[in-house]
Amino acid sequence: MDTAEKLRILAESAKYDAACTSSGSDRAGRPGGIGSTSPSGCCHAFSSDGRCISLLKVLYTNYCVNDCKYCVCRRSNDIERASFEPRELADLFMNFYRRNYVEGLFLSSGIVKNPDYTTERLLEALTILRKEYFFNGYIHVKAIPGSSPELISALGLLADRMSVNIELPSESSLRLLAPQKSREKVTAPMGQIRDGIIKRKNEIKLFRHAPSFVPAGQSTQMIVGATPDSDFQIIRLSEALYKTYGLKRVFYSAYVPVGNHPALPKDVKPPLLREHRLYQADWLLRFYGFRADELLSEENSRLDPLLDPKCFWAVNHLELFPVEINTAPYELLLRTPGIGVRSAKRIVAARRSASLRFEDLQKLRVQLKRAVYFITCGGKYMYPAFKMNHDFIYGSLAGSSSMLPGILEYRQLTMEDSFDSLPPSPEEKIKCLTGQF
Amino acid sequence: MPYGTVLDDFDLIYVYDGSYQGFFSAIFDAVYDRREPAGIVTGDRLQLSLGARYKEVATSAEKARRVSSAARQKLGGEAMRRVYLAFLSSDDGRETAIYRYLMLGFRLGRAASSRLTDADVFRVSTLAQNVSRETDKMQGFMRFSVMEGGAQYCRFSPKNNILPLVLGHFASRLGPIPFVIHDTGRGLLGVYDTHDKYIVSAEGFIPPEKSADEKSFERAWKLFYDTIGIAERKNPRLMKQLMPARYFRHYWDIAP
Ligand code: SF4
């Protein structure tokens with residue numbers, strides 16, 4: 001089988017795995033070496049489904065000893081199989097990279113023989129890239145659950161980002177659909193990567209030239225819509241992962257029906273709107289100071305399809321509104337629909353020198369369309385006759401077409417539209433939020 | 001004008017050679033002449049109206065250095081970066097806007113840059129943004145072919161004159177690999193020989209033959225590209241919106 005044919009098969013198997021951005025490291029080229037990374041990532045093309053292609057995303061092999069029901073590579077699935085050789089993969093990648101087809105490598109793999117054997121192959125490919133071709137650009141590698149800690153450490157020294165997929169939001173789903181995996185098997189390497197990152201950070205403080213360990217951090221991925229797990233369970237888990245393992249990102253991937261287990265949904269469309277809402281909620285957890293149990297609860301466990309989670313929260317907490325633009329604390333501004341991280345900061349800065357009026361807010365990039373219901377300037381609503389009323393506000397917000405990305409026209413870049421501002425950290429300047437390639 | 005303006009009865013247009021140094025030399029001359037220039041343009045854009053005269057500026061590294069280091073001191077490095085980016089834009093009024101922006105900066109110092117209500121400050125900052133946005137996008141969408149002999153070649157035709165910027169980007173990225181980037185619209189070549197970078201005219205340049213295995217990599221990439229779109233998620237409108245045609249009309253791989 002020639003390399004191109006392998007590439008076709010192994011990219012095919014890798015594509016359902018949504019995670020990854022080419023970002024998070026900032027490294028200039030190095031004399032004699034090839035490659036640099038830029039913190040904003042860099043889109044090299046967009047695929048026909050609108051995700052950006054900046055990484056060569058392939059599996060090392062799609063042979064697998066496991067039989068996870070939701071996965072195309074599961075042992076019992078009748079598909080074409082292929083496997084790269086480490087050098088073959090490294091050469092192919094370098095040829096793509098030097099032509100500027102891709103920005104970096106995203107390598108994952110099925111499990112051949114056993115986890116350690118598999119990790120050793122990945123390690124060999126990465127070693128060729130880093131030590132022989134002096135490739136200095138971005139590499140994201142999946143840690144294979146169950147491999148030995150030494151191998152994971154070695155891999156971490158070569159990669160920019162590592163991820164271990166949590167795959168399913170609950171232990172019970174995992175038991176049902178991925179009997180060879182357990183939450184524990186997944187979280188063990190996560191903990192190890194976290195500790196490795198912390199240790200290196202301390203060493204770098206002491207010795208400036210300590211080798212960096214997974215400098216772009218670790219991420220994970222969850223499949224959404226394959227199991228009955230609720231949105232509440234999902235974001236509560238994400239919250240815990242951010243806290244416990246210091247993850248950089250949790251990626252959500254709408255389940256595309258590839259399995260035939262009786263417990264899996266069949267003939268369904270990927271729940272793209274739900275995936276989108278989860279990304280929005282995730283944003284609120286990371287940058288807006290929300291807790292998962294403020295957004296949802298056991299009883300109310302589903303994200304609203306008509307309103308983004310921030311508007312939904314506000315509509316249900318009308319007792320906190322209106323907020324007075326000229327005096328409200330920053331934290332509360334941040335929670336107001338139509339005000340993003342940047343506009344909240346701009347407001348706080350601008351109101352020091354002059355009292356703000358509605359005319360000024362547009363310049364500060366406040367989205368009045370959404371904010372009007374929740375704010376006053378100088379004690380007055382923009383429309384003096386306005387009365388706080390839950391149903392009215394809900395209806396008006398839900399009625400504006402941009403709130404319905406999934407129904408009218410699904411756009412995957414709408415995070416900014418919904419929260420009015422770019423994500424605050426340039427390192428996470430996300431080019432394609434959901435299902436980033 | 002901070003230096004007092006000479007009042008006479010004709011408009012004077014400064015004509016420079018198109019280089020950044022030439023442009024700064026023109027600013028030097030205008031300041032030295034104590035004259036608000038009626039325009040600062042390159043020769044090919046010179047249009048004399050009734051009563052206007054023009055003066056050809058001799059490019060001088062020394063004059064350029066004096067103006068730019070004074071400006072850097074007054075306005076700061078970030079502003080100078082913005083000025084450089086705006087200079088690379090294809091907008092016809094760029095030179096005049098930059099000139100006025102700098103003059104404002106000489107008066108107000110760093111505060112000038114935050115005066116976005118001033119038309120010139122706003123224009124310079126918008127132009128700079130456009131240039132840097134186009135550069136970011138282009139850097140992603142450009143494609144090289146490997147030629148016989150191992151050097152790489154890439155053609156593009158950007159709206160703004162971003163060749164110097166992309167040249168720097170790829171030189172730092174490709175390290176030991178020499179390459180040529182061809183701006184077909186402007187007829188310029190950006191050359192990187194693994195030590196130095198320079199920009200030369202493309203007149204008479206014929207790109208060398210593609211190397212023998214180039215086709216197979218092009219095919220492999222196309223295969224990869226076609227494979228990874230998820231049929232269930234197809235969204236051609238979104239794709240179009242993300243990839244305006246002008247960025248990739250030179251490349252074979254990504255036409256929708
Ligand atoms: S171990 Fe990974 S590759 Fe193998 S079947 Fe499970 S999810 Fe798929």
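Residues numbered from 1 in each chain as written. Chains lettered and ligands numbered in written order. Predicted model: local features only at pLDDT ≥ 70, side-chain atom pairs only at ≥ 80, totals over all residues. Heavy atoms only, no water.

To continue, consider the overall build of chain A. Each helix and strand counted, chain A has 16 helices and 8 strands in total. Every one of the 437 residues in chain A was classed for burial, and the buried ones make up 62%. In chain A, of all internal contacts separated by at least 6 residues, the share reaching a separation of at least 24 is 69%. Surface exposure of chain A reaches about 16800 Å², of which carbon and sulfur atoms provide 55%. (Helix = DSSP H or I, 4+ residues; strand = E, 2+ residues; numbered from the N terminus. Buried < 20%, exposed > 50% of the residue type's maximum accessible area, 1.4 Å probe, protein only. Contact = heavy atoms within 4.5 Å. Areas by Shrake-Rupley, 256 points an atom, 1.4 Å probe, with all protein chains shown as cover.)

For chain B, the count of helices and strands is 9 helices and 8 strands. Of all 256 residues assigned to chain B, the portion counted as buried reaches 48%. The contacts in chain B between residues at least 6 apart in sequence include a share of 69% that link residues at least 24 apart.

Close contacts around the ligand come from A:Cys64, A:Asn66, A:Cys68, A:Cys71, A:Cys73, A:Arg74, A:Gly110, A:Ile111 and A:Lys181, and that covers them all. Classifying every residue of the shell around the ligand by side-chain character gives 5 nonpolar, 2 polar and 2 charged. (Near = heavy atom within 4 Å. Nonpolar A, V, L, I, M, F, W, Y, C, P; charged D, E, K, R; others polar.)

Further remarks concern the sheet that holds strand 1 (residues 55-59) of chain A. Within a sheet, neighbouring strands are paired by backbone hydrogen bonds and run either parallel or antiparallel to one another. Residues and elements named next belong to chain A. Pairing is parallel in the open sheet, where 6 strands are placed in the order 1-2-3-4-5-6. Each having just a single partner strand, strand 1 and strand 6 (249-254) make up the two edges of the open sheet. Adjacent strand axes in the sheet meet at a mean angle of 20° when their direction is disregarded. As defined by bridge partners, strand 2 (residues 104-108) adjoins strand 3 (residues 138-142) across 4 bridges and the pair is classed as parallel. Opposite Leu107, over in strand 3, you have Val141 as the bridge partner. (Pairing = 2+ DSSP bridges. Axes fitted to C-alpha atoms, helices over the stretch in contact; angles between N-to-C directions.)

All names here are of chain B. One way to put it is that helix 4 (residues 94-108) packs onto helix 5 (residues 119-141) with a least axis distance of 8 Å and a crossing angle of 120°. Comparing the axis directions of helix 4 and helix 5 gives the class oblique. In the packing of helix 4 onto helix 5, the handedness of the crossing is left-handed. Within the contact between the two elements, helix 4 uses Arg94, Ala97, Ile98, Arg100, Tyr101 and Leu104 and helix 5 uses Asp120, Val121, Arg123, Val124 and Leu127. By residue class, the composition of the contact of helix 4 with helix 5 is 7 nonpolar, no polar and 4 charged. (Parallel < 35°, antiparallel > 145°, perpendicular 65-115°, else oblique. Left-handed = near helix turned anticlockwise from the far one by under 90°.)

Per the counting criterion, the structure on display carries 30 salt bridges over all chains. Measuring nitrogen to oxygen at the nearest pair gives 3.8 Å for the salt bridge that ties A:Arg236 to A:Glu298. Of this pair, A:Arg236 sits in helix 7 (residues 231-245) while A:Glu298 sits in the loop between helix 9 (292-295) and helix 10 (309-315); the two residues are 62 residues apart in sequence, bridging distant segments of the chain. Of the charged contacts, one joins B:Lys215 and B:Glu218 as a salt bridge, the two residues approaching to 3.4 Å between their closest N and O atoms. Taken together, the residues span about one helical turn, with B:Lys215 and B:Glu218 both in helix 7 (residues 214-228) at a distance of 3 residues. Judged by its relative accessible area of 8%, B:Glu218 falls in the buried class. (Salt bridge = Lys/Arg side-chain N within 4 Å of Asp/Glu carboxyl O.)

Our focus in this paragraph is the domain arrangement of chain B. Residues and elements named next belong to chain B. Domain parsing of chain B yields domain 1 (11-133) and domain 2 (142-256). When domain 1 packs against domain 2, the two sides together hide about 570 Å² of surface, and 56% of this comes from carbon and sulfur. Of all residues in domain 1, Leu88, Ser90 and Val131 give up the largest surface area on contact with domain 2, accounting jointly for 67% of the area buried on that side. Our count for the contact surface shared by domain 1 and domain 2 stands at 0 salt bridges. Counting the contacts that link domain 1 with domain 2 gives 2 residue pairs in polar contact (both at pLDDT 80 or more). Elements supplying a minimum of two residues to the side of domain 1 that touches domain 2: helix 3 (77-87) and helix 5. It is helix 3 that provides the largest number of residues to the side of domain 1 that touches domain 2, a total of 3 residues. (Domains from an automatic or database assignment. Buried area = accessible area lost by both parts, 1.4 Å probe. Polar contact = N/O pair within 3.5 Å; in protein donor to acceptor, adjacent residues only side chain to side chain.)

It is worth spelling out helix 6 (residues 163-174) of chain B at this point. In an α-helix, one full turn covers 3.6 residues, which means residues spaced three or four apart are oriented alike. Over its 12 residues, helix 6 of chain B extends 16 Å from the first C-alpha to the last, a length consistent with the 16 Å expected when each residue adds 1.5 Å. Within two residues after helix 6 of chain B, B:Gly175 carries a phi angle of roughly 40°, on the positive side. (Expected span 1.5 Å × (residues − 1).)

Another point: unusual backbone geometry. It is generally the case that most residues other than glycine have a negative phi and that most peptide bonds are trans. Looking along the chain, the bond that leaves A:Phe321 and enters A:Pro322 is cis, with omega of 0°. We note that A:Phe134 has phi near 50°; this positive angle belongs to a residue other than glycine. Its place among the elements puts A:Phe134 in the loop between helix 3 (115-132) and strand 3. Even without a glycine there, the phi angle at B:Arg34 is positive, about 50°. Relative accessible area serves as the criterion here: at 46%, B:Arg34 is assigned to the partly exposed category.

Residue and element names in this part refer to chain B. Inspection of the entire model under this criterion finds 27 aromatic pairs over all chains. Between Tyr16 and Phe87 the ring centres are 6.4 Å apart and the planes differ by 45°, which places this aromatic pair in the tilted class. Taken together, the residues Tyr16 in strand 1 (residues 11-16) and Phe87 in helix 3 connect sequence positions 71 residues apart. In this pair, the class of Tyr16 matches that of Phe87, namely buried. Pairing Phe144 with Phe179 gives two aromatic rings, centres 5.6 Å apart and planes at 65°, and the pair type is edge-to-face. In this pair, Phe144 is assigned in the loop between helix 5 and strand 4 (145-146) and Phe179 in strand 6 (residues 179-183), connecting sequence segments 35 residues apart. (Phe/Tyr/Trp six-rings, centres within 6.5 Å; stacked < 30°, edge-to-face > 60°.)

Rolled over the atoms, a probe sized like a water molecule indicates the empty space that remains. Residue and element names in this part refer to chain B. Volume-wise, the second largest pocket comes out at about 460 Å³. Taken together, 22 residues form the lining of the second largest pocket, with Gly18, Ser19, Phe87, Asn161 and Leu188 sitting closest to its centre. For the lining of the second largest pocket, the secondary structure elements donating two or more residues are helix 3 and strand 8 (197-201). The element contributing the most residues to the lining of the second largest pocket is strand 8, with 3 residues. Here the lining of the second largest pocket is composed, by residue class, of 9 nonpolar, 7 polar and 6 charged. Split by domain, the lining of the second largest pocket shows at least three residues from each of two domains, domain 1 (11-133) and domain 2 (142-256). (1 Å grid on protein atoms, 1.4 Å probe; cavity = no way out; pocket = protein on both sides within 12 Å on 5 of 7 lines; lining within 4 Å. Points joined across faces, edges and corners; volume = space filled by probe spheres on them.)

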